[in-house]
Amino acid sequence: MSDQIVPILMPKWGLSMKVGTLAAWHVEEGTQINPGDEIMDVETDKIANVVEAADGGLLRRCVGTAGEIYPVQALLGVLAPASVSDAEIDAYVAAFEMPEVEEDGEEVPSHQTADLEIGRIRYLTREGEGTPVIFIHGFGGDSDNWLFNVDAVAADAPVYALDLPGHGGSVKSIDNPGLGTMVTAVIQLMDHLSIEKAHLVGHSMGGLVSGQTAIDHVGRVASLTLICSAGLGDEINPDYIGGFVSAASRKELKPVLKHLFADDSLVSRSMVDDLLKYKRLDGVQAFLDALKGNLFSQGKQGASIAAGVAASGVPTTVIWGAEDAVIPPSHASAISGAKVEVIADAGHMVMMENAARVNELIKAQL
């Protein structure tokens, strides 16, 4: 009967995750679970999020206890049909070898750097077969915004996620940063990595960058997946953009970040602290001020890619969170001929709030 037993394990979100806290179960023993059902909440030192079931079945045992910390791949629950006896479940749980916490010295570096003409660019990568996928984050973000996406998509293709200039671990000293700067960084990184053509996945400002890259370098882009993308209309929430740029303390930044999520409880203390550390790096404040002025001046978006992307003929999927409080979901229909999906109960960071569906749509676009 052991081949009918399916384990529920502590997920691994990104290369740096070693442990997670099982914050809460959403299901009880005896519940019939379907793939994609929300089954528990897990918190790490970076983010809290709901875990969706990868497999379906009858939940026979909740092994993990809410509030406890477990290593990645630890056994948290057991799925099995009713025909499997309790004794067999007990034996399976007892025989399961709980993993040890990874030692720092054994971990593969999570990021690499490339010294390009534009400056040093940090990126992460996952190996795979086929045409590569490049993830491009939004204003004030970095490659870690794709924590729940890169590994899932890497099952289908090689994956890269870069920190744009002025962001994350990339170069901060850029004169008059704007859209052209970002497009140049993407193309120079592709050249450095000998990537002739790639699928581009862009979020928010990263969608604008992805679309403009397709317009300017159409032969280099296999497809576009634009997530809550800038550049598809004039409106943008000035309270978010202005508040993010000006915030200098936890008290100022946390309410601004709540604009990003339909469920604002996902704005953790660690998320706020990490962004404050980034904003206090030398050169970041001047960079964000200049970039805001060039792209989002007077509370409006200053660049449009909708007509250009449609004219390019690049296959395009547009994804939006129905509760996006940063860029209106009505912009989703701006590109003629694009596939469009608006996802309920998700905000601007839809790729975090409903990663499973977003990953399905990205892989379908490949």
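Data block above holds the structure.
All values derive from a computational prediction rather than experimental measurement.

Asks: Any details on the nonpolar core? Residues and values, ideally.
Replies: In this structure, Ile134, Phe135, Phe139, Leu162, Ile227, Phe244 and Leu257 are the most contacted members of the largest nonpolar core, which totals 114 residues. When residues of this core are assigned to their parent elements, the largest contribution, eight residues, is made by helix α3 (residues 179-192). The residues contacting phenylalanine 135, other than those within four sequence positions of it, are Trp146, Asn149, Val150, Val153, Val159, Tyr160, Ala161, Leu162, Val201 and Ile362. Core analysis: the second largest hydrophobic core is formed by six residues, Leu75, Val78, Ala80 and Val84 among them.

Asks: Residues and numbers for the packing of helix α6 (residues 250-257) against helix α7 (residues 269-279), please.
Replies: Helix-helix packing is described using two parameters, namely the angle between the two axes and the distance between the axes. Two elements in contact, α6 and α7, have axes separated by 10 Å at closest approach and are oriented at 115 degrees. Here α6 lies roughly perpendicular to α7, going by the angle between them. Relative to α7, α6 is oriented so that their crossing is right-handed. Between α6 and α7, the contacting residues are Arg250, Leu253, Lys254 and Leu257 on the first element and Arg269, Met271, Val272, Asp273, Leu275 and Leu276 on the second. Classifying every residue of the contact of α6 with α7 gives six nonpolar, no polar and four charged.

Asks: A description of the pattern of salt bridges should follow, citing residues and the corresponding values.
Replies: A full pass over the atoms with the stated rule returns eleven salt bridges. Ionic pairing is found between arginine 269 and aspartate 273, a salt bridge with its closest N-O pair at 3.9 Å. Of this pair, arginine 269 and aspartate 273 are both found in helix α7, four residues apart, which corresponds to roughly one turn of the helix. Several salt bridges converge on common partners, so that one network encompasses Arg250, Arg269 and Asp273.

Asks: Tell me about the pairing of strand β9 (residues 112-116), and name the residues and values.
Replies: Sheet analysis places β9 next to strand β10 (residues 119-126), joined by five bridges and oriented antiparallel. Bridge pairing in β10 places aspartate 115 opposite arginine 120. A loop of two residues connects β9 with β10, the two strands running antiparallel in sequence.

About the thresholds
Each chain has its residues counted from 1, running along the sequence as written. Since the coordinates come from a predicted model, pLDDT governs what is reported: local features require at least 70, and pairs of side-chain atoms require 80 or more to be given and counted, while whole-chain, interface and lining totals use all residues. Side-chain descriptors were evaluated using all non-hydrogen atoms of the structure, hydrogens and water having been removed beforehand. By convention a nonpolar core is built from buried Ala, Val, Leu, Ile, Met, Phe, Trp, Tyr and Cys residues, the set being connected through side-chain atoms within 4.5 Å. Relative accessible area decides the class of each residue, using a 1.4 Å probe on protein chains only: under 20% of the type maximum gives buried, over 50% gives exposed, and in between gives partly exposed. Secondary structure elements are taken from DSSP: a helix is a run of H or I of four residues or more, a strand is a run of E of two residues or more, and numbering for both begins at the N terminus. Only heavy atoms enter the contact rule, under which two residues are in contact if any of them lie within 4.5 Å. To define axes, lines are fitted to C-alpha atoms, for helices over the stretch in contact only, and angles between the resulting N-to-C directions are given on a 0 to 180 degree scale. In this scheme, roughly parallel covers angles under 35 degrees and roughly antiparallel covers those over 145, while 65 to 115 is roughly perpendicular and the rest are oblique. In this scheme the handedness of a crossing depends on how the near helix is turned from the far one: anticlockwise by less than a right angle means left-handed, clockwise means right-handed. Amino acids are sorted into nonpolar (Ala, Val, Leu, Ile, Met, Phe, Trp, Tyr, Cys and Pro), charged (Asp, Glu, Lys and Arg) and polar (every other residue, Gly among them). Salt bridges are counted wherever a side-chain nitrogen of Lys or Arg sits within 4 Å of a carboxyl oxygen of Asp or Glu. At least two bridges found by DSSP between two strands are what make those strands a pair.

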